[in-house]
Amino acid sequence: MAEATVRVRYFAAAAEAAGREEEQVTVEATAGALRRWLTDRYGPAMQRVLDAGSLLVDGTVTRDPARPLRERVDVLPPFAGG
């Protein structure tokens, strides 16, 4: 699959794991490839966020590794409800 350059935004625990709130990355254009890239780059702390959280790909929540990436991806930790 082709590569894509996407704007990745990190929230809460994801921002802590990445040490930043946002960055541009170029990866294979699937959610699974982005997850692998994030884990390789940011290690176990990001892996924990990804295992429990989800990705928001252009406004749609996904955990599907085959989901094509678009312009923007938000890395969302799990949220507590009440």
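Right above here is the structure, for reference.
Residues numbered from 1 in each chain as written. Predicted model: local features only at pLDDT ≥ 70, side-chain atom pairs only at ≥ 80, totals over all residues. Heavy atoms only, no water.

1. So, the pattern of salt bridges
Side-chain pairs of opposite charge can arise where the charged atoms are in close proximity.
And step 1. Under the defined criterion, the tally for this structure stands at five salt bridges.
And step 2. With its nearest N and O atoms 3.8 Å apart, the salt bridge here joins Glu23 to Arg41. Residue Glu23 is located in strand β2 (residues 22-28), and its partner Arg41 is located in helix α2 (residues 31-42); the two are separated by 18 residues in the primary sequence.
And step 3. Asp74 is the partner of Arg72 in a salt bridge, and the nearest nitrogen-oxygen pair spans 3.7 Å.
And step 4. Overall, Arg72 belongs to the partly exposed group, its relative accessible area being 27%.
And step 5. Residue classification places Asp74 among the buried positions, given a relative accessible area of 3%.
And step 6. Connected through salt bridges with shared partners, the residues Arg9, Arg72 and Asp74 form a single ionic network. (Salt bridge = Lys/Arg side-chain N within 4 Å of Asp/Glu carboxyl O. Helix = DSSP H or I, 4+ residues; strand = E, 2+ residues; numbered from the N terminus. Buried < 20%, exposed > 50% of the residue type's maximum accessible area, 1.4 Å probe, protein only.)

2. Comments concerning the environment of Val57
And step 1. Mapped onto the fold, Val57 is located in strand β3 (residues 54-57).
And step 2. For the pair Val57 and Val6, spaced 51 residues apart in sequence, the C-alpha separation works out to 9.9 Å.
And step 3. Residue contacts for Val57: discarding those within four places in its chain leaves Thr62, Arg67, Pro68, Leu69, Arg70, Arg72 and Val73. (Contact = heavy atoms within 4.5 Å.)

3. Let's talk about the packing of aromatic side chains
Each pair of aromatic rings is reported with the distance of its centres and the angle of its planes.
And step 1. Considering all chains together, one arrives at two aromatic pairs under this definition.
And step 2. Taking 6.1 Å as the distance between ring centres and 80° as the angle between the ring planes, the aromatic pair formed by Tyr10 and Tyr42 counts as edge-to-face. Here the residue Tyr10 occupies a position in strand β1 (residues 3-10), and Tyr42 occupies one in helix α2, the gap between them amounting to 32 residues.
And step 3. Relative to Tyr42, the ring of Trp37 lies with its centre 6.5 Å away and its plane at 80°, an arrangement referred to as edge-to-face.
And step 4. Take Trp37: its relative accessible area is 24%, and that puts it in the partly exposed class.
And step 5. Under the relative-accessibility criterion, Tyr42 is labelled buried at 13%. (Phe/Tyr/Trp six-rings, centres within 6.5 Å; stacked < 30°, edge-to-face > 60°.)

4. Some points on the sheet that holds β2
And step 1. Pairing is mixed across the open sheet formed by five strands, whose spatial order is β2-β1-β5-β3-β4. In this open sheet, the two edge strands, each paired with only one partner strand, are β2 and β4 (60-62). Strand after strand, the sheet turns through a mean of 35° between neighbouring axes, direction not considered.
And step 2. Against the sheet, α2 makes contact with β1, β2, β3, β4 and β5 (72-76), and its axis sits at roughly 120° relative to β2, the strand it touches most. (Pairing = 2+ DSSP bridges. Axes fitted to C-alpha atoms, helices over the stretch in contact; angles between N-to-C directions.)

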